[in-house]
Amino acid sequence: MTVGTNSSPGAGTAAGPPVPVGPCARTGGPADGLPPVHPSDALRGVPPQGAPRGAVLGGGATGEGLAFGIDPDCLPDGLVVADATGHVICFNRAAARMTATDPAQALGTRIERALPLEDLEGRRWWALTDPYGGLATRRGQPERNLLLPGGREVLVSASYVRTHPTGPLRRLVVTLRGTEARRRTERSHAELIATVAHELRSPLTSVKGFTATLLAKWERFTDDQKRLMLETVDADANRVTRLIAELLDISRIDSGRLEVRRQPVDIATAVGRHVQALTANGQDPERFLVSVSRPLPDLWADPDKIDQILGNLLENAVRHGEGTVTIGVSPHEKGTAVTVTDEGPGIPEESMGRVFTRFWRGSKRGGTGLGLYIVKGIVEAHGGTITVGRGPGGGAEFRFILPVSAPAYLTQ
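Cut-offs applied
- Residues numbered from 1 in each chain as written.
- Predicted model: local features only at pLDDT ≥ 70, side-chain atom pairs only at ≥ 80, totals over all residues.
- Heavy atoms only, no water.
- Pairing = 2+ DSSP bridges.
- Helix = DSSP H or I, 4+ residues; strand = E, 2+ residues; numbered from the N terminus.
- Axes fitted to C-alpha atoms, helices over the stretch in contact; angles between N-to-C directions.
- Contact = heavy atoms within 4.5 Å.
- Salt bridge = Lys/Arg side-chain N within 4 Å of Asp/Glu carboxyl O.
- Buried < 20%, exposed > 50% of the residue type's maximum accessible area, 1.4 Å probe, protein only.
- Parallel < 35°, antiparallel > 145°, perpendicular 65-115°, else oblique.
- Left-handed = near helix turned anticlockwise from the far one by under 90°.
- Nonpolar A, V, L, I, M, F, W, Y, C, P; charged D, E, K, R; others polar.

If you trace the five strands from one edge of the open sheet to the other, you get β7-β9-β10-β12-β11, paired in mixed fashion. Pairing within the sheet leaves two strands with one partner each, and these edge strands are β7 (288–292) and β11 (385–390). Within this sheet the neighbouring strands show an average axis-to-axis angle of 15°, counted without direction. Here β7 pairs with strand β9 (residues 325–332) via five bridges, running parallel. If you follow V292 over to β9, its bridge partner there is V329. On the sheet, helix α8 (residues 267–280) packs against β7, β9 and β10 (335–341) and is oriented at approximately 175° with respect to β7.

Structure representation (structure tokens):
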């Protein structure tokens with residue numbers, strides 16, 4: 001596309017041979033008080049001749065601008081720029097894609113026509129904000145949700161470029177961003193709140209019911225009945241405690257604050273301890289097969305976090321899988337590899353990519369759907385990797401690798 005340099009601000013016809021500058025054009029003239037400049041120079045922060053330092057699009061407070069010649073079409077967000085008269089001089093590809101507008105039609109038209117925005121109540125945004133006729137002290141508009149024709153929602157923010165702090169508006173710079181990513185985050189948070197509310201309601205109702213019954217009718221129950229009620233209360237209290245611990249872990253993982261206190265860990269002994277705990281809780285000892293290939297490299301890791309990983313993977317294999325649960329521990333070129341495999345139906349191929357996301361459940365057999373998300377966060381906090389696939393028997397196979405490492409005081 002070719003755009004000519006206009007002889008006057010906002011003019012719709014070119015006064016000279018067209019120059020191939022892409023969807024953004026820079027105009028100059030009396031309204032700007034600046035001579036013409038190529039848009040690539042403007043985005044790099046190169047000032048036009050006779051312009052004050054820092055007075056070009058892309059220039060910062062020092063006027064140095066961007067150190068790279070960035071094409072507006074390379075920007076991930078939509079960029080729309082209007083000149084001092086309110087006519088569009090830049091309309092990049094991202095903006096064209098979001099608005100379904102041909103840049104050739106947008107360039108040279110008034111900003112309110114090229115970008116007809118409304119707020120969520122149906123009021124025209126440009127009439128409300130009045131960037132050209134409003135207060136001269138305003139610097140811009142913060143990001144907010146607005147509607148394009150057809151009802152599509154976008155995040156819009158604007159910056160007012162002035163020749164001096166209270167001077168007339170010389171450039172109106174508008175950025176557009178899709179709302180899909182934010183909506184996904186909001187849905188994730190809503191799902192988290194709904195899941196937590198559901199998971200807390202059931203055990204807390206049980207705890208409240210049994211404690212109220214015991215307090216009101218203590219003498220009417222036998223010792224065995226009292227013991228059964230108290231055991232139920234204890235189990236439900238443990239369930240609440242476990243859920244709160246999971247939520248705290250998620251918070252630390254998401255914020256990058258998950259601490260790893262490295263100590264020497266015997267991973268083979270840890271696996272044996274978890275298998276013994278499962279058999280003590282009623283699982284058939286013949287269901288577990290532990291294979292350890294020695295010698296294993298020294299493993300420095302957080303023992304509590306390793307127990308959390310193993311406990312979650314083995315519990316999943318027992319609850320959702322079938323047949324023999326095989327736990328393999330072996331040396332790896334990067335450290336130590338642990339594999340947990342069952343002989344159940346396995347995980348469908350279309351679900352493989354969602355296994356380590358929040359709220360994913362392989363079946364409807366209980367659980368919050370947060371365990372594997374936490375496991376992945378813990379493994380990665382150790383610098384390791386975890387994968388899921390299909391085992392030799394057709395069941396699910398989880399494999400995590402922990403790298404060779406040492407505590408900080410030995411490496412400093």
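The rest of the description comes next.
Next up on the list: the pattern of salt bridges. In total, this model carries 16 salt bridges according to the counting rule given. When the shortest N-O distance is used, the salt bridge between R93 and D73 registers 3.3 Å. On the criterion of sequence distance, the pair formed by R93 in helix α2 (residues 93–99) and D73 in the loop between α1 (39–44) and β1 (78–82) is long-range, its members being 20 residues apart. Owing to a relative accessible area of 57%, R93 belongs among the exposed residues under this scheme. Judged by relative accessible area, D73 falls into the buried class, the value being 16%. Sharing partners across several salt bridges, the network here consists of D77, E143, R177 and R182.

Once that is clear, we can look at the packing of helix α7 (residues 223–255) against helix α10 (residues 371–381). At a minimum axis distance of 10 Å, the contact between α7 and α10 shows a crossing angle of 45°. In terms of orientation, α7 and α10 fall into the oblique class. Between α7 and α10 the crossing geometry is left-handed. In this structure, α7 contributes E246, D249, I250, I253 and D254 to the contact, and α10 contributes Y373, I374, G377 and I378. Class assignment for the residues of the contact of α7 with α10 results in five nonpolar, one polar and three charged.

Before going further, it helps to examine the pairing of strand β2 (residues 88–91). Across three bridges, the pairing between β1 and β2 is antiparallel. When the sheet's bridge partners are listed, V80 is paired in β2 with F91. Hairpin connection from β1 to β2: five residues lie between these consecutive antiparallel strands, with G86 at a positive phi of about 85°.

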